[in-house]
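Listed below are the residues making up each chain.
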Amino acid sequence: MRVEYINPFVESAYNVLSEVLQTEVNRGELYLKSAAMPMLGVAMIVGLAGDVEGRVLFDMKLETGLAVASAMLTSMDMEPVEELNDMARATLTELANMITGQAVTKLHNLGFRFDLTPPAIFSGQNMEVSDPNFEALIVPMELPQGKIEINVAVRERT
Amino acid sequence: MANIDTQVLNSQELDEQDGEERRQSLVDFKMVTFSLGGKDYGIDIMRVKEIAKFAQFTYVPNTAPFVRGVYNLRGDIISVIDLRLMFNLPAEQREEGHPENGLILRLETNMIGVVVDQIDKVVGIASSQVQPPHPIFGDINVKYISGVAEHEGRLYIILDVDRIFSRESDEEESIAQRSFDAARRPRVQEAASPSPTDEPRSSGTDERAIQRDFVTQGLATFAGFHVTPVNVDWFDRRMDEWRAERQASGKDVQLIDEDDARAFLGTFHSRYAGRFWQADYVTELLSLLPEPAGNVIQVWNPGCGEGYGSYSIAAALLKRYPDRQVKVWAGDKDLMKISTAPNLVFSRSDVPEEWQDLLVDGKNGPTFNAAVKDAILFEFSDVLNSAGMPKMDVIVARDLLSLHGEAEQRKVIETFEETLKPGGALVLGDNERVFDGAAWEEITGDSLTVYRRR
């Protein structure tokens with residue numbers, strides 16, 4: 001992945017998470033991966049197009065997802081969620097949108113043209129994700145609610 | 001199991017020796033030797049995975065005193081045992097943050113790290129030379145000793161690691177108790193008196209093979225450098241030089257730490273590694289590269305580090321083919337290095353005369369102009385993950401393969417073969433070569449070889 005893309009994603013993930021959750025966020029060590037990897041339980045995906053092709057995947061355990069969604073909802077004086085209902089899904093996809101949106105804005109300011117697709121959310125047990133022709137950058141984020149793994153796979157159009 | 005190597009002896013020596021000694025010259029047991037409390041010990045080399053320096057343990061509460069903690073060995077968590085504490089021997093207290101010498105042992109079911117005073121070397125002996133332990137042996141419980149062997153005037157106590165670490169629980173308790181008692185006694189001592197150091201004397205074929213093994217292991221451990229057919233020609237030449245250098249300065253041939261490994265690899269690095277390439281290299285390289293066919297010259301530069309080579313190749317090609325488009329895909333898996341590459345800081349004098357007109361002044365000093373910069377795309381990427389690359393005219397991968405094991409090297413070379421256009425060229429490090437020539441045509445210049453895909 002192009003070096004210039006790394007920071008916008010890492011920064012916006014850090015900014016958005018610490019802002020909306022009003023909590024301490026710790027970034028883990030970045031690393032690269034290409035083989036199929038197991039998913040934790042709930043995953044939001046945002047597609048990227050434009051100068052590049054690829055996608056951003058936000059992966060977390062169901063409990064983490066619910067705790068994060070509840071924290072976001074209560075901060076807006078709304079009821080927390082106990083299960084992955086429509087409200088929880090909408091909240092989590094919004095989080096994915098905010099992080100990717102902010103990253104893309106930063107990239108625009110650096111002169112890269114990216115477009116987003118609307119986010120989708122997956123949930124279930126024993127899922128795996130693999131895109132054999134991509135190398136993914138993994139940005140692990142540690143929150144009090146649990147771990148969110150941000151999996152960014154983009155490459156230049158050739 | 002250990003290979004049975006026969007020591008080559010000339011006939012005169014043979015005549016002088018009786019049958020007994022001839023049997024002893026069969027080396028079929030190799031052990032890694034080290035010192036504990038000033039005495040020499042050995043562990044079967046087949047049980048030793050690697051030699052290590054332990055820098056930061058994580059202390060585990062409520063364990064026996066000889067358990068130093070757990071250690072992260074490149075992602076694997078292993079327990080670390082201090083053999084000196086375990087055997088109730090004097091242990092020299094290390095300063096905070098000072099790494100401990102140790103070995104990683106491969107047991108039947110798991111790996112374990114042990115801390116020792118000092119790693120010595122690999123010693124090859126005949127198993128017939130090993131004598132059973134005498135029951136009055138002091139420091140260490142006799143049942144943990146598989147034997148005693150003499151080599152070049154030194155006595156080595158051979159430890160039976162399987163017995164030590166896979167014992168019944170009652171034994172464990174007693175030894176733990178013993179060590180616990182010992183731990184309550186003051187433990188810090190002056191540095192143990194150094195054991196007598198007599199230099200290894202002869203250098204027969206066996207000795208050389210053992211040294212070679214040990215240096216190969218040392219390079220992998222301390223520098224991540226793998227000796228394989230890619231670089232074995234260089235390695236063999238270097239080994240001879242190294243032996244001579246070390247013997248001249250009275251040091252052991254074996255590599256003891258990262259500095260030794262670095263010194264050994266001093267002559268490996270290709271010309272102008274970590275610098276901009278100078279005219280002699282550029283001219284020769286360009287003369288060996290094929291005339292590119294299309295309007296766009298595609299170059300892949302995996303393992304580019306800070307990007308000196310990537311800038312050099314882009315500048316060289318743009319100068320040589322001003323009317324074509326040049327695209328250099330540069331990647332490295334070292335995040336720190338690759339992050340500095342797009343905004344590399346250097347001074348004008350680092351750049352060869354011919355490229356001075358490609359420089360402009362930026363806010364951090366000189367930088368290459370937009371034409372050169374736009375030609376290069378720096379990526380955070382591991383060459384092992386590469387897929388979906390466009391077809392390349394040239395691949396420049398200097399000193400990269402040697403940092404991978406043989407299986408990975410084969411995979412990477414295969415990827416290179418798939419990614420190159422027919423007739424495209426592969427540039428390896430000055431001291432590296434491809435495995436087998438079938439797919440490649442060697443184009444050799446005065447000081448440089450380029451591999452053309454057939």
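Throughout what follows, the structure given in this document is the object of discussion. Note that the structure is a prediction, hence the values are computed from the model and not measured. (Residues numbered from 1 in each chain as written. Chains lettered and ligands numbered in written order. Predicted model: local features only at pLDDT ≥ 70, side-chain atom pairs only at ≥ 80, totals over all residues. Heavy atoms only, no water.)

### Quick notes on the overall build of chain A
What counts, and what does not: Think of it this way: any DSSP run of H or I at least four residues long counts as a helix, any run of E at least two long counts as a strand, and we number them from the N terminus. Accessible area is worked out with a 1.4 Å probe on protein chains only. A residue is then buried under 20% of its type maximum, exposed over 50%, and partly exposed in between. Pairs of residues are marked as contacts when any of their non-hydrogen atoms sit within 4.5 Å.
Within chain A, the secondary structure is distributed over three helices and 10 strands. Each helix (α) and strand (β) of chain A, taken in turn from the N terminus, gives the series α-β-β-β-β-β-α-α-β-β-β-β-β. Burial status across chain A gives 51% buried among its 158 residues. Of the contacts made within chain A by residues no fewer than 6 positions apart, 70% connect residues no fewer than 24 positions apart.

### Some words on helix H2 (residues 62-75) of chain A
All names here are of chain A. Under the convention used in this document: A helix is expected to span 1.5 Å for every residue after the first.
A rise of 1.5 Å per residue sets the reference length of H2, with its 14 residues, at 20 Å; its end C-alpha atoms lie 20 Å apart and thus fit the reference within 8%. Buried within H2 we find Thr-64, Gly-65, Leu-66, Val-68, Ala-69, Ser-70, Ala-71, Met-72 and Leu-73. As for H2, its buried residues are in contact with helix H1 (3-21), strand S5 (52-60), helix H3 (86-109), strand S9 (136-143) and strand S10 (146-156). Asp-77 sits one or two positions beyond H2 and adopts a positive phi of about 60 degrees.

### Considering unusual backbone geometry
Residues and elements named next belong to chain B. Positive phi, normally seen in glycine, also occurs at Glu-152, with a value near 50 degrees. Position of Glu-152 relative to the elements: it lies in the loop between strand S11 (145-151) and strand S12 (154-159). Although it is not a glycine, Tyr-272 sits at a positive phi angle of roughly 60 degrees. With respect to the secondary-structure elements, Tyr-272 resides in the loop between helix H8 (258-264) and helix H9 (279-288). Exposure remark for Tyr-272: the relative accessible area of 13% places this residue in the buried category.

### A closer look at the environment of Pro-422 of chain B
Inspection of the secondary structure assignment puts Pro-422 of chain B in strand S19 (residues 420-428). Spatially, the C-alpha atom of Pro-422 of chain B lies 8.4 Å from that of Asp-393 of chain B, the residues being 29 residues apart in sequence.

### Concerning the packing of aromatic side chains
To keep things clear, this is the line we draw: A pair of Phe, Tyr and Trp rings is counted when the ring centres sit within 6.5 Å of each other, with Trp represented by its six-membered ring. The angle between the planes then sorts it: under 30 degrees is stacked, over 60 is edge-to-face, the rest tilted. Only when the NZ of Lys or the CZ of Arg is both within 6 Å of the ring centre and within 35 degrees of the ring normal is a charge said to sit over the ring.
On inspection of all chains with the given rule, the structure shows 20 aromatic pairs over all chains. Taken together, a centroid distance of 5.2 Å and an interplanar angle of 10 degrees make the contact between Tyr-311 of chain B and Phe-368 of chain B stacked. Of this pair, Tyr-311 of chain B sits in helix H10 (residues 308-320) while Phe-368 of chain B sits in strand S16 (residues 365-368), placing them 57 residues apart in sequence. You'll find Tyr-311 of chain B and Phe-368 of chain B in the same group, each marked buried. What links up through ring pairs into an aromatic cluster is the set Phe-225, Trp-234, Phe-235, Trp-242, Phe-264 and Phe-268 of chain B. Over the aromatic face of Phe-134 of chain A sits the side chain of Arg-155 of chain A, whose NZ or CZ is 4.5 Å from the ring centroid.

### Focus: the sheet that holds S12 of chain B
Residue and element names in this part refer to chain B. Counted only if it meets this: Paired strands are those between which DSSP finds at least two bridges. Geometry is summarised by axes, namely lines fitted to C-alpha atoms with helices restricted to the contacting stretch, and by angles between N-to-C directions that run from 0 to 180 degrees.
Ordered in space as S10-S3-S4-S12-S11, the five strands form an open sheet in which the pairing is mixed. Strands at the two margins of the open sheet, each flanked by one partner only, are strand S10 (118-125) and S11. Geometrically, the sheet is characterised by an average inter-axis angle of 35 degrees between neighbouring strands, direction not taken into account. Pairing of strand S4 (residues 39-44) with S12, which is carried by three bridges, proceeds in the parallel orientation. Across the sheet, Gly-42 pairs through a bridge with Ile-158, a residue of S12. Contacting strand S3 (29-36) and S10, helix H6 (residues 205-223) crosses the sheet at an angle of about 140 degrees to S10.

### Quick word on the sheet that holds strand S20 (residues 440-444) of chain B
All names here are of chain B. If you walk across this open sheet you meet the seven strands as S17-S14-S13-S18-S19-S21-S20, and the pairing is mixed. Unpaired on one side and paired on the other, strand S17 (376-380) and S20 mark the two borders of the sheet. Recorded for the sheet is a direction-independent mean angle of 20 degrees between the axes of neighbouring strands. In this structure, S20 lies alongside strand S21 (residues 449-453), joined through five bridges in antiparallel fashion. Counted as the bridge partner of Glu-441 is Arg-452 from S21. Set on the sheet, H10 makes contact with strand S13 (296-302), strand S14 (325-332), S17 and strand S18 (392-397); between it and S14 the angle comes to about 170 degrees.

That is the geometry; function is a separate question.
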